[in-house]
Amino acid sequence: MTNDDGNGNENTRTGTVLVLGGTGKSGRRVAERLRARGAGVRIGSRGTETPFDWERPETWPAAVSGVRSAYVAYSPDVGFPGASEAVGAFAELAVREGVQRLVLLSGRGEPGARRSEEALFAAGAPAASVVRASFFAQNFSEGFFADMVRSGAVAFPAEGVPEPFIDAGDIADVAVEALTGDPARHAGRVHEVTGPRALTFPEAVAEVSAAVGREIAYVPLAFEAFRDGMVGQGAPPEFAARLTELFGEILDGRNSAATGGVRDVLGREAADFSEYAKRTAATGVWAPSS
Ligand SMILES: NC(=O)c1ccc[n+]([C@@H]2O[C@H](COP(=O)([O-])OP(=O)(O)OC[C@H]3O[C@@H](n4cnc5c(N)ncnc54)[C@H](OP(=O)(O)O)[C@@H]3O)[C@@H](O)[C@H]2O)c1
């Protein structure tokens, strides 16, 4: 766990903000934005100096000590069994330790994620809010699709399902607003955030392909084959089974509608997937694997 304050001084208005999952897709961006505002940031993850581990509650008190607010990104998935109990227990500890604001990253259409949201609110923080996000665009560049894109074929069991992919930068902007903006606009609220339009997974892959100027195929496959492929790539079998089960549940079109959540919170439109694809292609992260 690192405890830097960006400027050498703790920001007296925001206080130190604990960013759980602060090295991941959303948390890293939340931390960057908070530091840019001069807020004190403490990253909590298993790899930080004083580790924070969701599976080891004895590591939690040191993380919340002296903290005014916290961004809560649960790992591995906020909808998995055990997540709501852990999120609830962490939130209760945070409230006892005097944390004023809690912002939970949640997912759309997942009954387990809904239970985690309820557990967060039940802990009674002075200001608790939820950022309920659609499927991240960054799954294609920082998540489990990244290696597939580099190899030239994205194999996923969701051929005809439209998804309003959201840019993790927008999630972070909304989360930072919920952590630092007027509490009256956020306490007790669920900000359901998506990208501005839904694309099917083959359409998203085609956009990535066009952005990198190289053929990248979308390969439909069965859920079981997806699970076995993850295990073949080194994923723990239980994780692969749970993730596949989750995708089997939510990839039925229930999350296909775009929301105005980003506009409502930030007063601007959410970033489009094609902007993400062009910007990301320019970084070289999708250079072909040999
Ligand atoms: N990806 C999506 O499309 C999507 C959509 C909606 C919601 N979500 C939710 O987003 C959350 C994940 O957030 P993310 O995608 O921003 O993060 P991420 O990229 O998956 O990174 C995981 C972060 O959590 C840390 N971490 C991993 N295991 C941990 C553990 N046992 N205890 C403590 N920290 C741990 C990692 O650092 P260390 O490895 O150093 O511990 C890292 O900072 C999940 O709850 C998921 O349900 C994801």
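### Digging into the nonpolar core
- Counting residues in hydrophobic clusters, the biggest one holds 87 residues, and the most contacted among them are A70, Y71, V72, L102 and A175.
- Here this core gets eight residues from one element, more than from any other, and that element is helix α6 (residues 168-180).
- In this view, V72 contacts L20, V87, F90, L102, V103, L104 and L105; residues no more than four positions away in its chain are not counted.

### Concerning the pairing of strand β2 (residues 16-20)
- In terms of burial, β2 is a largely internal element, five of the five residues being buried.
- Burial along β2 is two-sided: the face carrying T16, L18 and L20 and the face carrying V17 and V19 are both buried.
- Once the chain exits β2 it traverses helix α1 (residues 27-36) before rejoining the sheet at strand β3 (residues 40-44), and the crossover so formed is right-handed.
- As paired strands, β2 and strand β4 (residues 69-72) are joined by three bridges and run parallel to one another.

### Some points on the site of the ligand
- Around the ligand sit 27 residues in total, of which G24, S26, S45, R46 and G47 are the nearest.
- Looking at the shell around the ligand residue by residue, the class counts come to nine nonpolar, 13 polar and five charged.

### Examining unusual backbone geometry
- For the peptide bond that leads from S75 to P76, omega is 10°, which places it in the cis range.
- If you trace the backbone, P76 turns up in the loop between β4 and α3 (83-96).

### Let's talk about the environment of R115
- Along the chain, the position of R115 falls in helix α4 (residues 111-122).
- R115 sits in the partly exposed class, given 18 other C-beta atoms within 10 Å.
- With 123 residues separating them along the chain, R115 and E238 place their C-alpha atoms 21 Å apart.

### So, α6
- The end-to-end C-alpha separation of α6 is 18 Å, in line with the 18 Å expected for 13 residues at 1.5 Å each.
- Most of α6 sits out of view: twelve of its 13 residues are buried.
- For α6, the full list of buried residues reads A168, D170, I171, A172, D173, V174, A175, V176, E177, A178, L179 and T180.

### What to know about the confidence of the model for the protein chain
- The predicted model of the protein chain averages 94 in pLDDT, with 95% of residues at 70 or higher.
- Contacts for the low-pLDDT stretch residues 2-12, under 50 throughout, to residues beyond four places or in other chains number 23 contacts.

### Considering the packing of helix α7 (residues 201-212) against helix α11 (residues 273-281)
- Direction vectors running N to C along α7 and α11 enclose 40°, while the axes themselves pass 8 Å from each other. As judged from the angle between their axes, α7 and α11 are oblique. Where α7 crosses over α11, the two elements pack in a sense that is right-handed. In this structure, α7 uses A204, E207, V208, A211 and V212 to contact α11, whose residues at the interface are F273, S274, A277, K278 and A281.

### Considerations on the pairing of strand β5 (residues 101-107)
- The buried count for β5 comes to seven of seven residues, which makes it a mostly enclosed element.
- Pairing geometry for β4 and β5, over four bridges, is parallel. Of the residues in β5, the one forming a bridge with S69 is R101.
- Once the chain exits β4 it traverses α3 before rejoining the sheet at β5, and the crossover so formed is right-handed.
- The sheet contact formed by β5 and strand β6 (residues 127-133) spans seven bridges and is parallel. Its bridge partner lying in β6, S106 is registered against R132.
- Taken together, β5, α4 and β6 form a β-α-β motif whose crossover is right-handed.

### Description of the environment of V176
- Within the secondary structure, V176 is located in helix α6.
- Taking C-alpha positions, V176 is 14 Å from R263, a pair spaced 87 residues apart along the chain.
- If we skip the residues at most four places from it in the chain, V176 touches V30, R33 and L34.

### Focus on the packing of helix α8 (residues 223-232) against helix α9 (residues 237-250)
- For the pair α8 and α9, interaxial distance at closest approach is 9 Å and the crossing angle is 150°. By the angle class used here, α8 and α9 are roughly antiparallel. As α8 runs across α9, the sense of the crossing is right-handed. Seen from α8, the contacting residues are F223, F226, R227, M230 and V231; seen from α9, they are P237, A240, A241, T244, F247 and G248.

### Here we look at α11
- Of the positions making up α11, those classed as buried are F273, Y276, A277, T280 and A281. Looking straight down α11, one finds that the buried residues subtend no more than 120° of arc, so they occupy a single side.
- On the buried face of α11, the contacting elements are β10 (199-200) and α7.

The rules behind these values
- In this numbering scheme, every chain counts its residues from 1 along its sequence in written order.
- Per-residue local features are limited, in this predicted model, to residues with pLDDT of at least 70; the limit for side-chain atom pairs, both in listing and counting, is 80 or more; totals at the level of whole chains, interfaces and linings are taken over all residues.
- We define a nonpolar core as a collection of buried residues of the types Ala, Val, Leu, Ile, Met, Phe, Trp, Tyr and Cys that are connected via C-beta atoms lying within 7 Å of each other.
- In this scheme every C-beta is placed from the backbone, and a residue whose C-beta has 20 or more other C-beta atoms within 10 Å is buried, one with 12 or fewer is exposed, and one in between is partly exposed.
- The helix and strand labels rest on DSSP assignments: H or I over at least four residues marks a helix, E over at least two residues marks a strand, and numbering proceeds from the N terminus.
- Throughout, a residue-residue contact means that the two C-beta atoms, derived from backbone geometry, are no farther apart than 7 Å.
- Note on handedness: a clockwise path from strand one over the helix to strand two, with the strands aimed away from the viewer, defines a right-handed crossover.
- For two strands to pair, DSSP has to find at least two bridges joining them.
- Any residue whose C-beta atom, as placed from the backbone, lies within 6 Å of a molecule or strand is termed near it.
- Following the grouping adopted for this structure description, the nonpolar residues are Ala, Val, Leu, Ile, Met, Phe, Trp, Tyr, Cys and Pro, the charged ones are Asp, Glu, Lys and Arg, and the polar ones are all others, Gly among them.
- For a helix, the expected span equals 1.5 Å multiplied by the residue count minus one.
- Confidence scores per residue from the predictor, reported as pLDDT, run from 0 to 100.
- Structural elements are reduced to axes, namely lines fitted to C-alpha atoms, with helices fitted over the stretch in contact, and the angle between N-to-C directions of any two is expressed from 0 to 180 degrees.
- Should an angle lie under 35 degrees it is considered roughly parallel, over 145 roughly antiparallel, and from 65 to 115 roughly perpendicular; all remaining angles are considered oblique.
- Crossing handedness is defined as follows: a turn of the near helix away from the far one that is anticlockwise and smaller than a right angle gives a left-handed crossing, while the clockwise case is right-handed.
- When we speak of the arc, we mean the arc of directions from the helix axis to the C-beta atoms.

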